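Breakdown of the fold
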Amino acid sequence: MTRTGLAGKGCLTLLVYPMVGAGLSHGSAGFDGDWATGGRMNFEMEKTPAREIYNLLIGLVAPRPIAWVTSMDEQGRLNAAPFSSYNYLCTDPPIVGMGVMDKPGGVGVPKDTAWNIKRTEEYVINVVTEDLLEKMNVCATDFPAGVNELEMAGLGTAASSVVKVPRIAEAHAALECREYAAIAIGNKSRIVLGQVVAMYVEDRFVDMAGPYIKAEELHAVGRMNGLGSYVRTRDAFVTVPRISYAEWEKGKRQRFALSRWRRWCRGAVRGLRRG
Ligand SMILES: Cc1cc2nc3c(=O)[nH]c(=O)nc-3n(C[C@H](O)[C@H](O)[C@H](O)COP(=O)(O)O)c2cc1C
């Protein structure tokens, strides 16, 4: 199979192929697919190097919301960094979770965000919107500990309502959190669970009828793979209401009647042709 042949298989192949190719050349990847046809790719995690697992996972679990976390050390020095292994997990109580890895290349050194939350137990998740994307990206730079990423990105702060850690002044929405639990995962990562104790949203983005967030106006962004691509959230393309069981049963009868009618029509057409 030539490179051109595989690359021609589309977007997914473009992302997966370089990793598969690399894996095969040094013979270590857990790829167990139909290499001749490129039809089915199975990666056994036990045989797949960590970097490739990362590439595959973030390509498949996408888009992801981004937690732009402000946190402080005991001296009150501010830190800001984005985390996209993030989501809400429960609402009563309201719990959000994020995965924080160790510093790259470090030997068991947690990222500053994880250190700060461990020590002060408070943080703020600022919502990343299209207008703030570039500045968020500056905050992902591996500045030395103690550097205030917000200053580097030219951003200001505003006081939070419950926690001591400030939110980003320019952010249009933010969740104030207290650490609920931190779970060590393997020896390089941890999941930080936070209880949301207050939410800040600019008035213009709240529809008080719900209240609902006017997502089509807030313009939050989602992260795709690790190659620096992001998606908009203003492109909701369809509204699909949930189906109750009663509606499902009713629909089943209608679908059955429709399929009998179609069968009858096909039979009638065949009969006419023969006749
Ligand atoms: C959009 C985006 C999402 C990221 N998501 C994560 C993540 O989920 N987990 C992680 O450990 N690092 C993630 N990073 C990398 C961290 O932001 C980066 O390592 C940062 O320097 C950590 O800063 P800190 O040491 O001040 O906490 C992400 C980077 C970007 C740009």
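All of the points below concern the structure found in this document.

Cut-off values and rules
Residues numbered from 1 in each chain as written. Predicted model: local features only at pLDDT ≥ 70, side-chain atom pairs only at ≥ 80, totals over all residues. Helix = DSSP H or I, 4+ residues; strand = E, 2+ residues; numbered from the N terminus. Near = placed C-beta within 6 Å. Nonpolar A, V, L, I, M, F, W, Y, C, P; charged D, E, K, R; others polar. Pairing = 2+ DSSP bridges. Axes fitted to C-alpha atoms, helices over the stretch in contact; angles between N-to-C directions. Contact = placed C-beta atoms within 7 Å.

1. Concerning unusual backbone geometry
Note that the residue after A62, namely P63, is joined by a cis bond; omega there is 0°. Among the secondary structure elements, P63 is positioned in the loop between α3 (50-60) and β1 (64-65). With an omega of 0°, the peptide bond between G210 and P211 qualifies as cis. By the element assignment, P211 lies in the loop between β11 (206-207) and β12 (212-213).

2. Quick look at the site of the ligand
Around the ligand sit 17 residues, and of these A81, S85, K111, T113 and A140 come closest. Mapped by element, the contributors of at least two residues to the shell around the ligand are β3 (78-83), β5 (94-101) and α4 (112-120). Of all the elements, β3 adds the most residues to the shell around the ligand, at four residues. Looking at the shell around the ligand residue by residue, the class counts come to seven nonpolar, six polar and four charged.

3. A few points about the sheet that holds strand β4 (residues 86-91)
A sheet is described by the order of its strands in space; here seven strands give the open sequence β3-β2-β6-β9-β10-β5-β4, paired in antiparallel fashion. Pairing within the sheet leaves two strands with one partner each, and these edge strands are β3 and β4. Taken pair by pair, the neighbouring strands of this sheet meet at an average axis angle of 35°, ignoring direction. Judged from the twelve bridges that link them, strand β9 (residues 173-185) and strand β10 (residues 189-201) form a sheet pairing that is antiparallel. Following the sheet pairing, A181 is matched in β10 by L193. Strands β2 (67-72), β3, β5, β6 (122-127), β9 and β10 of the sheet are contacted by α4, whose axis makes an angle of about 55° with β2.

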